[in-house]
Amino acid sequence: AAKSMGRDRVRLFSPGLREAARWRLEVATRLRDEAIDQLVVHYQPVVRLDTGAVEGVEALVRWQHPERGLLAPDTFLAVAEETGQIIPITRWLLRETTRRAAAWAAEGLPLRMSVNISARHFSAETLVRDVRLALRESGLPPDQLVLELTETSIAEDPTRAEDQLTVLRRAGIRVAIDDFGTGWSSLAQLFSLPIGTLKIDRSLLVAAERVTGGEGGAVLAAIVALTRTLGIRSVAEGVETVEHLRMVREAGCDMVQGWLLSHPMPADEVPRWVRRVQEAGG
Ligand code: C2E
Ligand code: CA
Ligand code: CA
Ligand code: CA
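Scoring rules and cut-offs
- Just so you know, the residues in each chain are numbered from 1, in the order the chain's sequence is written.
- Labels are handed out in written order, letters beginning with A for the chains and numbers beginning with 1 for the ligands.
- In keeping with the predicted nature of the model, local features appear solely for residues at pLDDT of at least 70, side-chain atom pairs appear and are counted solely at 80 or more, and the whole-chain, interface and lining totals rest on all residues.
- Heavy atoms from the whole structure form the basis of all side-chain values; hydrogens and water molecules are not counted.
- Whether a residue is near a molecule or strand is decided by its heavy atoms; if any one of them lies within 4 Å of it, the residue is near.
- Distance and chemistry together define a polar contact, namely a pair of N or O atoms within 3.5 Å, with one atom able to donate a hydrogen and the other to accept it when in protein, and with adjacent residues in sequence counting only for side-chain atoms on both sides.
- Areas reported as accessible are Shrake-Rupley estimates using a 1.4 Å probe. Residue values count occlusion only from the protein chains shown.
- A cavity here means a set of 1 Å grid points, computed over protein atoms only, where a 1.4 Å probe fits but cannot escape. A pocket is an open set with protein on both sides within 12 Å along at least 5 of 7 lines, and lining residues have an atom within 4 Å of a point.
- Whether a molecule sits in a cavity or pocket is decided by its atoms, more than half of which must lie within 2 Å of the grid points.
- The secondary structure listing takes helices from DSSP runs of H or I that are at least 4 residues long and strands from runs of E that are at least 2 residues long, numbered from the N terminus.
- Each metal's donors comprise the N, O and S atoms found within 2.8 Å of it (within 3.2 Å for Na, K or Ca). Water is not part of the atom list, so some coordination spheres may appear incomplete.
- The classification of residues rests on relative accessible area computed with a 1.4 Å probe and restricted to protein chains. Under 20% of the type maximum is buried, over 50% is exposed, and intermediate values are partly exposed.
- The criterion for strand pairing is that DSSP finds at least two bridges linking the strands in question.
- Two aromatic rings, drawn from Phe, Tyr or Trp (for Trp, its six-membered ring), form a pair once their centres lie within 6.5 Å of each other, and the interplanar angle then sorts them: stacked below 30 degrees, edge-to-face above 60, tilted otherwise.

### A closer look at the site of ligand 1
Ligand 1 sits among 21 residues. The nearest are Gln44, Arg62, Asp178, Glu240 and Trp259. One of the side-chain nitrogen or oxygen atoms of Glu240 is found 2.7 Å away from a nitrogen atom of ligand 1. Expressed as a share of its isolated accessible area of 810 Å², the protein-covered part of ligand 1 is 81%. Under a 2 Å grid-point criterion requiring more than half of the atoms, the pocket assigned to ligand 1 is the largest pocket. Elements with a minimum of two residues in the shell around ligand 1: strand 2 (54-65) and strand 6 (174-180).

Spelled out as structure tokens, the structure:
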């Protein structure tokens, strides 16, 4: 068990073309009844670069499939999004993760909890109600929850997105833009929204690394400088190597997340991991 510490060995099950249709049907059927009980949440730490303190964790869902093993979200979430099952799944996730964060806080480990919200749920009437209910039931303070929304889910309907974001902000709930750099059309539009955090996608890191002569790092630095001007905090995602860490540190990113620090891990491993980092950091 110690050996697997900090690793989550998810399966990236990729069915063949003929099998794909059957898989979609299986997912759609199972997610309707028994599968929600088989979902598990792994948590990946987000660490502050200035102090080395653990800022919080991102909740990442997996499916403990009885025959196929631990499945990565990419294998089933697209179907859940299509069928609408993503909404009850996320409702469950919100309750599970806020309860978990409240329990950690009670143990003296206050960790900000980030939860991914799908485009479909973001545009649904129930989102704010679902979030408020989870907060009330768990007793977690609203500012300890971060909803991660992708650029694309906001781009679908920017006006409605702005309203929805304003409601969330008034409720004291933080919002992060996820996967920044993978598809936004207008920076100006993005930065006019009430968001607290920008998560810089791993693809920008990889691109920056490929550019020789330091311009890649300069692009990262420019993005970070822009966010800072706007009072938005930045997280570099997918930091896998010491070189990545050096680049994002130099660019001035506020926080990092990635395999270099930790793979996503089961809930029961989180307190030990956080305490070890705290003791090492001092
Ligand atoms: P994401 O929100 O961008 O989450 C980060 C993904 O990058 C996770 O994959 C994480 O395991 C992976 N990752 C973390 N560090 C590294 C690294 O250093 N290198 C690389 N190459 N990858 C790293 P995961 O868990 O497979 O999740 C994939 C996507 O599925 C997520 O991307 C998110 O869009 C979606 N997802 C996961 N959980 C949920 C959820 O509860 N609800 C919703 N709506 N979507 C979710
Ligand atoms: Ca995310
Ligand atoms: Ca992301
Ligand atoms: Ca992603």
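### What to know about the coordination of the calcium ion (ligand 2)
Coordination of the calcium ion (ligand 2) by the protein involves Glu58 (OE), Asn116 (OD1), Glu148 (OE) and Asp178 (OD), with metal-donor separations of 2.1 to 2.3 Å. If you list the donors of the calcium ion (ligand 2) from N- to C-terminus, the spacing comes out as E-x57-N-x31-E-x29-D. Separation of the calcium ion (ligand 2) from the calcium ion (ligand 3) amounts to 3.9 Å, with Asp178 serving as a shared donor to the pair. Of this pair, Glu58 sits in strand 2 while Asn116 sits in strand 4 (residues 112-116), placing them 58 residues apart in sequence.

### Regarding the pairing of strand 6
For strand 6, the tally of buried residues reaches five of seven residues, placing the bulk of the element in the interior. Sheet topology places strand 5 (residues 145-150) next to strand 6; five bridges connect them, and they run parallel. Looking across to strand 6, one finds that Val146 is bridged to Arg174. Both strand 6 and strand 7 (residues 197-200) contribute to a ladder of three bridges, which runs parallel. Opposite Ile177, over in strand 7, you have Leu198 as the bridge partner.

### Quick word on the packing of aromatic side chains
Tallied over the full model, the rule gives three aromatic pairs. Centroid distance Trp23 to Trp63: 6.0 Å. Interplanar angle 25 degrees. Geometry classified as stacked. Linking Trp23 in helix 1 (residues 17-32) with Trp63 in strand 2, this pair joins segments that are 40 residues apart in sequence. Assessed through its relative accessible area of 5%, Trp23 is described here as buried.

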